[in-house]
Amino acid sequence: METLLKWLHTASEIIDKLFASKPELLQSWKSRWEQRLLSISQQLQQLQQSQQSQQPASATPQDAAQPGSSSLLPRGLLTTNLGVPLFVVCTHTEIIVAFRAVFDTQSKQFSELRLDFLQRCLRRVCLDHASSLAYFNTAKRGVAPSLTSNLLSLLFPSHYATPAPDVPLPSCPHAQFASRDELFIPAGADNAFLIDDLLVGTKLEAVTDFTAVFERPQVAAKVGSFLPREN
């Protein structure tokens, strides 16, 4: 998490330096990106309403997500606007499955509660920067097509469109939650309410400090050189 925040800070500094002499151009980019996200949000709301209209009559109001305002971005989305689309990809997520298989599901480090907390922290950062988020299992590569099409649609919107995934969530269209190690949430598909619901009713519901749950790995002691010293 600390590394991710550092990279985002570095990206912000680089963008500010590139447009230091032309702040109006940077503002134009930010406005364009905001309008692009608003368009994506409106399209997702239309898809969501279409899915809700196909629900059986016995469905309760709680089964469907409440649509937001069509003229405003969802709460918390793009609080930090860098003017460019961002992608956060967590690679080698197969380690989640491997460790849980070896140490059983009761493993403290990879318990479902901790994994949900980790996902909530990542999704909050991504929501703030309007970044797409993917858990990439290098063995399965299940989210690769969706991630690629999402990247192309954001960079070249007039030529590519992100197709709906095979298993969309009614409350989060275009998002994929295939398993613990495979996840894909494109920019504009998430919102603060869905993120907050991850840990409702648990002891981690009010925890915001990432390091309070996941300890920083200890740096191994430096090993002395085995090369012979010159006399």
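Residues numbered from 1 in each chain as written. Predicted model: local features only at pLDDT ≥ 70, side-chain atom pairs only at ≥ 80, totals over all residues. Heavy atoms only, no water.

Time to look at the confidence of the model for the protein chain. On average, the protein chain scores 79 in pLDDT, and the residues at 70 or more come to 74%. In this model residues 58-69 is a low-confidence stretch, pLDDT under 50, and it forms 11 contacts with partners more than four residues away in sequence or in other chains. Low pLDDT (under 50) marks residues 164-171, which in the prediction has 17 contacts with non-local residues, meaning those over four places away or in another chain. (pLDDT = per-residue confidence, 0-100. Contact = heavy atoms within 4.5 Å.)

What follows deals with the packing of aromatic side chains. Under the definition given, this model contains 4 aromatic pairs. Taking the centre distance of 6.4 Å and the plane angle of 25 degrees together, the rings of Phe 117 and Phe 214 count as stacked. Taken together, the positions of Phe 117 in helix α4 (residues 112-129) and Phe 214 in the segment after α6 (192-196) put the pair 97 residues apart, joining distant regions of the chain. Relative to Phe 214, the ring of Phe 210 has its centre 5.1 Å away and its plane inclined at 20 degrees; by these criteria the two rings are stacked. Phe 214 carries the same exposure label as Phe 210, and that label is buried. Each residue in the set Phe 117, Phe 210 and Phe 214 is aromatic and connected to the rest through ring pairs, giving one cluster. The cationic tip of Arg 75 hangs over the ring face of Phe 193; the distance from NZ or CZ to the ring centre is 4.5 Å. Directly above the ring of Phe 214 sits Arg 114, whose terminal nitrogen or CZ lies 5.3 Å from the centroid. (Phe/Tyr/Trp six-rings, centres within 6.5 Å; stacked < 30°, edge-to-face > 60°. Helix = DSSP H or I, 4+ residues; strand = E, 2+ residues; numbered from the N terminus. Buried < 20%, exposed > 50% of the residue type's maximum accessible area, 1.4 Å probe, protein only. Lys NZ or Arg CZ within 6 Å of the ring centre and 35° of its normal.)

Now for the environment of Met 1. With respect to the helices and strands, Met 1 occurs in the segment before α1 (2-18). Spatially, the C-alpha atom of Met 1 lies 8.8 Å from that of Leu 118, the residues being 117 residues apart in sequence. Each residue touching Met 1, except ones within four places of it in the same chain, is listed here: Cys 121, Leu 122, Val 125 and Phe 210.

It is worth spelling out the nonpolar core at this point. Ranked by internal contacts, the top residues of the largest apolar core, which has 29 residues, are Leu 4, Trp 33, Leu 37, Leu 78, Leu 122, Ala 130 and Leu 133. Elements with a contribution of two residues or more to this core: α1, α2 (23-53), β1 (86-91), α4, β2 (131-136), β4 (182-185) and α6. Counting residues per element, this core draws most heavily on α2, which supplies 5 residues. (Core = buried A, V, L, I, M, F, W, Y, C linked by side-chain atoms within 4.5 Å.)

Compared with the 16 Å implied by 1.5 Å per residue over 12 residues, the 17 Å span of helix α5 (residues 144-155) between its first and last C-alpha is a close match. Taken together, the buried positions of α5 are Ser 146, Leu 147, Ser 149, Asn 150, Ser 153 and Leu 154. The buried residues of α5 occupy an angular sector of 170 degrees when projected down its axis, which confines them to one face. (Expected span 1.5 Å × (residues − 1). Arc of directions from axis to C-beta.)

Moving on: the side chain of Asn 137. Within the secondary structure, Asn 137 is located in the loop between β2 and α5. Owing to a relative accessible area of 3%, Asn 137 belongs among the buried residues under this scheme. Not counting the four nearest positions on each side in its chain, Asn 137 is found in contact with Thr 93, Glu 94, Asp 181 and Glu 182.

Below, the discussion takes up the pairing of β2. Summarising burial for β2: 6 of the 6 residues are buried, a large majority. Burial of β2 is two-sided: the residues Ser 131, Leu 133 and Tyr 135 facing one way and the residues Ser 132, Ala 134 and Phe 136 facing the other way are all buried. Relative to β2, β1 is paired through 6 bridges, and the arrangement is parallel. Residue Phe 87 lies in a different strand from β2, and its bridge partner there is Ser 132. One ladder, built from 3 bridges, connects β2 with β4; its direction is antiparallel. Pairing of Tyr 135 across the sheet is with Leu 183, part of β4. (Pairing = 2+ DSSP bridges.)

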